[in-house]
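What follows is each chain in one-letter form.
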Amino acid sequence: MPSALQAAVGTAPHAPVRPQAGDAAITVVLPADFTAFCQLHHDAYQHYAHQLVADPALANLAVQHALGDIVASWTEALAGHHTRAVAWASLTRRVHRAAHHPRSRIHPTPAVGLFRLVPTEQADTALLHHLLGLDIASTADTLGIERATAVSRLHAFGRRLNHPAASALRICWQEVASRRTRCQIPGERR
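Source: prediction; values computed, not measured.

**Student:** Explanation requested: the overall build of the chain in the structure shown.
**Tutor:** What the chain contains, in helices and strands, is 11 helices and two strands. Its helices and strands taken in sequence order, the chain reads α-β-β-α-α-α-α-α-α-α-α-α-α from the N to the C terminus. Taking all 190 residues of the chain together, the buried fraction comes to 40%. Long-range pairs, those at least 24 residues apart, make up 63% of the contacts in the chain with a sequence separation of at least 6. About 10300 Å² of surface is accessible on the chain, with carbon and sulfur atoms providing 55% of the total.

**Student:** Can you walk me through the pattern of salt bridges in this structure?
**Tutor:** Should the charged atoms of two oppositely charged side chains come close, the side chains can pair. Evaluation of the coordinates by the stated rule reveals two salt bridges. Notably, a salt bridge pairs D141 with R84, separated by 2.5 Å at the nearest N-O pair. Of this pair, D141 sits in helix α9 (residues 136-143) while R84 is found in helix α5 (residues 83-99), placing the two residues 57 residues apart along the sequence.

**Student:** How should the side chain of T83 be read in this particular structure?
**Tutor:** Structurally, T83 is set in helix α5. Among residues more than four places away in sequence, those in contact with T83 are F37, W74, A77 and L78.

**Student:** Help me out: how do you make sense of the packing of aromatic side chains in this one?
**Tutor:** Overall, the coordinates contain six aromatic pairs when judged by the stated rule. Here F34 and W74 contribute two aromatic rings whose centre-to-centre distance is 5.2 Å and whose plane-to-plane angle is 75°, an arrangement assigned as edge-to-face. Here F34 is found in helix α2 (residues 32-52), whereas its partner W74 is found in helix α4 (residues 74-79), with 40 residues between them in sequence. Ring pairs connect the aromatic residues F34, F37, Y45, Y48, W74 and W88, which therefore count as one cluster.

**Student:** Looking at this model, I keep getting lost on helix α7 (residues 110-117). Mind explaining?
**Tutor:** Every α-helix carries 3.6 residues per turn, so stepping three or four residues along brings you back to the same face. Counting buried residues in α7 gives six out of eight residues, a clear majority hidden from the surface. Those residues of α7 not exposed but buried are P110, A111, V112, G113, L114 and F115.

**Student:** Sorry if this is basic, but what is going on with the environment of T120 here?
**Tutor:** Note that T120 resides in helix α8 (residues 120-131). Separated by 28 residues in the primary sequence, T120 and T92 place their C-alpha atoms 9.7 Å from one another.

Cut-offs and rules
Residues numbered from 1 in each chain as written. Predicted model: local features only at pLDDT ≥ 70, side-chain atom pairs only at ≥ 80, totals over all residues. Heavy atoms only, no water. Helix = DSSP H or I, 4+ residues; strand = E, 2+ residues; numbered from the N terminus. Buried < 20%, exposed > 50% of the residue type's maximum accessible area, 1.4 Å probe, protein only. Contact = heavy atoms within 4.5 Å. Areas by Shrake-Rupley, 256 points an atom, 1.4 Å probe, with all protein chains shown as cover. Salt bridge = Lys/Arg side-chain N within 4 Å of Asp/Glu carboxyl O. Phe/Tyr/Trp six-rings, centres within 6.5 Å; stacked < 30°, edge-to-face > 60°.

Written out as structure tokens, the structure is:
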């Protein structure tokens, strides 16, 4: 029996999940708009998590838990009109926690160092746009921000990267970019 989250990101949208509770079956039906949200953002969330979390199982679990957090407060997230921003905050909280888990700290990813060198907002935007290949509109949508804000963050990141005193940042960014070509997410086709 698939989990509620697996049903949310699987191929059958809005599929009911029937976990067994003793002799009685409980049917859980996720909101259709949440299922659509998961289908739209799941791949970007997975790729982001794998950039920051060295252990693939922990990366996957972080995304699953973030989606669980989101569905638990889905009605409130929709009411606030900042659904994507709320979801991104939940995801980054879970992913950064997983990135600092002892199994991930043994061999941290280069992207973890990026967050020590630039503001989180710039690092997130640069990862989504430059490494995951999302266009400006998709980057802004995933982060829950305006397009102009995404462009501004990318320009600020570029200025930092090109600053003469930013040699550590340039080295880190090169490592992050080279990992992108070496890293294949389980289940991803090349």
